[in-house]
Amino acid sequence: MAREVRPSGQGSARSVLQNILLFAGLSETQLEQIARMAVSRKVPRNTTIVRAGDYTDSLFVIVSGSAKVMNRDAEGNEVILTLLGAGECFGEMGLIDGSPRSADVVTSEPCELLEIAKVDFTKALAENVDLCLNIMKSLVLRLRMANRKIESLALMDVYGRVAKLLLDLSEQEGDLRLIRRKVTKQDMAKMVGASREMVSRVMRDLEASNYIRIEDGRIVLTGD
């Protein structure tokens, strides 16, 4: 992976970490300790940060930008497992069980990352009970999300899967429920297990029925 590497300013790294769920509840001293471990990286769009099967040697925190977690079958067909944005982490599972990376992570847009080496993160885990608990909560959350996705793929038609995906990606902003991040129809198709053409048809029907509207390039869920 070609990327620019530069030391992370301790103060800026600490301010990023303290707003991330994985590090919630840690003291200032603990955050400073972890911030000293972090290296800041700037990664261009469409760059593979990690590959499935790679040795797991670090934890990544997304400071800005977004990325998608992907797998491919033997024919090269892609499925997107999840989308990641600013404030989210990846790589922690392999640091715990020592297994290789389970999926590719590819940037959807230019990203700034904080990277914490395995040896440093393992040391931090040994010294911080709160961090261990947060890791457990993070893994439980991912398991619940995986269970919901499996359930939707098994029980819902494409309309239901697209509607559920839109709801999962949306956030409340004042009186609006909207999707802030840019998600292409191709990416949506890879997340719900359908063709791009089918997803486009579903999106047109949802918009025509006033369930969604496009506003300033963002998808707004109207709920009508």
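In this text the structure is predicted, and so the values were computed from the model without any measurement.

Rules behind the numbers
- Residues numbered from 1 in each chain as written.
- Predicted model: local features only at pLDDT ≥ 70, side-chain atom pairs only at ≥ 80, totals over all residues.
- Heavy atoms only, no water.
- Axes fitted to C-alpha atoms, helices over the stretch in contact; angles between N-to-C directions.
- Helix = DSSP H or I, 4+ residues; strand = E, 2+ residues; numbered from the N terminus.
- Parallel < 35°, antiparallel > 145°, perpendicular 65-115°, else oblique.
- Left-handed = near helix turned anticlockwise from the far one by under 90°.
- Contact = heavy atoms within 4.5 Å.
- Nonpolar A, V, L, I, M, F, W, Y, C, P; charged D, E, K, R; others polar.
- Pairing = 2+ DSSP bridges.
- Buried < 20%, exposed > 50% of the residue type's maximum accessible area, 1.4 Å probe, protein only.

Draft legend 1. Here's a closer look at the packing of helix α6 (residues 158-169) against helix α7 (residues 185-192). At a minimum axis distance of 10 Å, the contact between α6 and α7 shows a crossing angle of 110 degrees. Classified by the interaxial angle, the pair formed by α6 and α7 is roughly perpendicular. Between α6 and α7 the crossing geometry is right-handed. In this structure, α6 contributes R161, V162, L165 and L166 to the contact, and α7 contributes M188, M191 and V192. Considering only residue class, the contact of α6 with α7 consists of 6 nonpolar, no polar and 1 charged.

Draft legend 2. Highlighting the sheet that holds strand β8 (residues 104-107). The sheet built from 4 strands is open, its strands ordered β3-β8-β5-β6 with antiparallel pairing. Looking along the sheet, the strands with just one partner apiece sit at the ends: β3 (48-50) and β6 (78-84). When the angles between neighbouring strand axes are averaged without regard to direction, this sheet yields 35 degrees. One ladder, built from 6 bridges, connects strand β5 (residues 67-72) with β6; its direction is antiparallel. The residue of β6 that forms the bridge with K68 is L83.

Draft legend 3. Structural detail: unusual backbone geometry. Although it is not a glycine, N46 sits at a positive phi angle of roughly 60 degrees. Secondary-structure assignment places N46 in the loop between β2 (39-43) and β3. Judged by its relative accessible area of 49%, N46 falls in the partly exposed class.

Any functional reading would require information that these geometric values do not contain.
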